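# Summary of the model geometry
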Amino acid sequence: MRRTSASLVAGALVAALAWASGPSSPAVALDPSVGVADLTQDINQILSDSRLTIARAGVVVKSAETGEELYATDAGKLLIPASNTKLFTSAAAAETLGLDYRFPTTVLSTGRKAGAVLTGDLVLRGTGDPTMLAEDYEALAAQVAKAGVKVVTGKLVADDTWFDGQRLGNDWAWDDETAYYAAPISALTASPDRDYDAGSVVVSVSASGGKVKVTTTPETDYLKIVNKATVGDQTNVLIERQHGTRTVVITGTVAGSYQEWVAVDDPTAYAASLFRKGLSKHGVKVLGPTEAGAAPASAKKLAEHESMPLGELLVPFMKLSNNIHAEILTKAMGREVSDQGTWSAGLKVTTDFAKANGVELLNMRDGSGLSRRDGFSPASIVQLLSSVRGKPWFSTWYESLPIAGNSDRFTGGTLRSRMQGTPAANNVHAKTGSLTGVTALSGYVTSADGEPLIFSIMLNQYLSGSPKDIEDKIAVRLAQFSRTAAVADTTRLRATEGAPAGDLECSWMKPASC
């Protein structure tokens, strides 16, 4: 994981502690007739954009110090939140699992060991770790070899029973099935990179010697590659896994290098194949086949790997808006609270947490916001953001939010190319959200007076042209807000530079280019 400088960390900690503080007396004398009226007028003007004429827009702005509502329109309307859903999932996970929570992946043995021979099965058991890499499975295999096991007479058993067998969300679109951001959810999975895109493989193509060369990351024979692409003058290539299969078909022309993140069909079998490959590399031969099943209670532990703690995982999860992390944490919460690794059990944990913190209106169908049946009101989001400020884990959670205009990928996250060069840059900490026809931005900003503000902007059902710049204009205006002085010029309403033109978040467009 990328590390930040000591000075940046220190500055971030100071900011987070300031945000975590409770209500205090404002530093300036307040005059409701000054500033707030201008803010209302300006936000109304921003929302008068023609792209929103037939759309739905809900916006709420509150003072974090006083709880005063500074602006609201359609505050109580139920809108599609997209990845703003992750605000609820991540906060509930921090509360329920704790920042020190880790996902263990273990190797167990059944039967007896005589010399270098294990008479029985070898069991690979997962609990949902989304950060497992091929090298981690190889390290587990090395531990098995170090324990003196060279031959396993039985099977390799892949135990993913920590979660249930439902792999995809109820409402997920069928045409997202092979996309890495909608990969199947399993207690045993693997990632191809340190964005930790669990349940996917990176398929790369390049032109070499008049032919199209195909490689995968990690190196794996799990996928069946059918290469129909040819070398051409330009790269116009389609890399697509056929539905319900392990077959990836590559068509089109290739001039340079190109890569695509492809979701696997069965993350349990994929992870087991990586582990078996690692065993072979370290001289451990499993005579039997690979099968799915549960480890018997009598099985003995041979090796174990633990993930990074949740406090660290929040960074790639929230900065890059990782859907798979959200769903895994949802099932992990269900397992923790009710011993059921299911969506329904986990979503109950999150909704109970939200209601306990004053949220009245919400409808959760998954943990990531990929479902179009998820529904929150902007007032509910602002209520959650306000309530969690007093939590002991708030500073870590706050710093996991994307930060506007900060170009470092693991600091700025999905806001790294937005609001650069404005008063919102390195000020706004907020969660983005994107689906086709849906965008949202909710979080925190400090005003020109030094007053902390909480906001939620939700725009639904627009037909063309991403209105993310509208979100940015509002956020910049909040950063300029003063109770005692009007903003003097119309630059407060100017379009911000670098707002993505498309509907989807930066992190959803691999390789990341914004």
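Our subject is the structure listed above.
Attention here is on the structure that accompanies the text. Keep in mind that what you see is a predicted model, and the values were worked out from it rather than measured. (Residues numbered from 1 in each chain as written. Predicted model: local features only at pLDDT ≥ 70, side-chain atom pairs only at ≥ 80, totals over all residues. Heavy atoms only, no water.)

## With respect to helix H4 (residues 134–146)
Counting along an α-helix, one turn takes 3.6 residues, and residues three or four places apart therefore face a common direction. Rule in force here: Comment: elements are numbered from the N terminus, with helices defined as DSSP H or I runs of at least four residues and strands as E runs of at least two. Multiplying one less than the number of residues by 1.5 Å gives the expected span of a helix. Burial classes: relative accessible area under 20% of the type maximum marks a residue as buried, over 50% as exposed, and values in between as partly exposed (1.4 Å probe, protein chains only). The contact criterion used throughout is that any non-hydrogen atoms of two residues lie within 4.5 Å.
Along its 13 residues, H4 runs 18 Å from first to last C-alpha, staying within 8% of the 18 Å computed at 1.5 Å per residue. Here H4 has its buried residues at Asp136, Tyr137, Leu140, Ala141, Val144 and Ala145. Lining the buried residues of H4 we find strand S3 (104–109), strand S6 (122–125), helix H5 (267–281) and strand S18 (300–306).

## Some details on the sheet that holds strand S16 (residues 285–286)
To keep things clear, this is the line we draw: When DSSP finds two or more bridges between a pair of strands, those strands are recorded as paired.
Strand order in this open sheet of four strands is S4-S5-S7-S16, and the pairing throughout is mixed. Sheet topology places strand S4 (112–114) and S16 at the edges, where each strand pairs with a single neighbour. Pairing analysis gives two bridges linking strand S7 (residues 151–152) to S16, with the strands arranged parallel. The residue bridging valine 152 from the neighbouring strand is valine 286, located in S16.

## Remarks on the sheet that holds S3
Here is the rule we go by: The axes are straight lines fitted to the C-alpha atoms, using for helices just the contacting stretch, and the angles between their N-to-C directions are given from 0 to 180°.
Sheet architecture is open: five strands sit in the order S17-S8-S6-S3-S18, paired in mixed fashion. The sheet terminates laterally at strand S17 (290–292) and S18, the two strands that pair on one side only. Looking at each pair of strands side by side, their axes are set apart by 20° on average, direction ignored. Bridge analysis of S3 against S18 gives six bridges, and the strand direction is antiparallel. The residue of S18 that forms the bridge with serine 109 is lysine 300. Packing against the sheet, H4 makes contact with S3, S6 and S18, and its axis sits at approximately 150° to S18.

## What to know about the environment of serine 206
Locating serine 206 in the fold gives a position in strand S9 (residues 200–208). If sequence neighbours within four positions are ignored, serine 206 has contacts with Lys211, Val212, Lys213, Val254, Gly256 and Ser257.

All quantities given are derived from atomic positions and should not be read as evidence of function.
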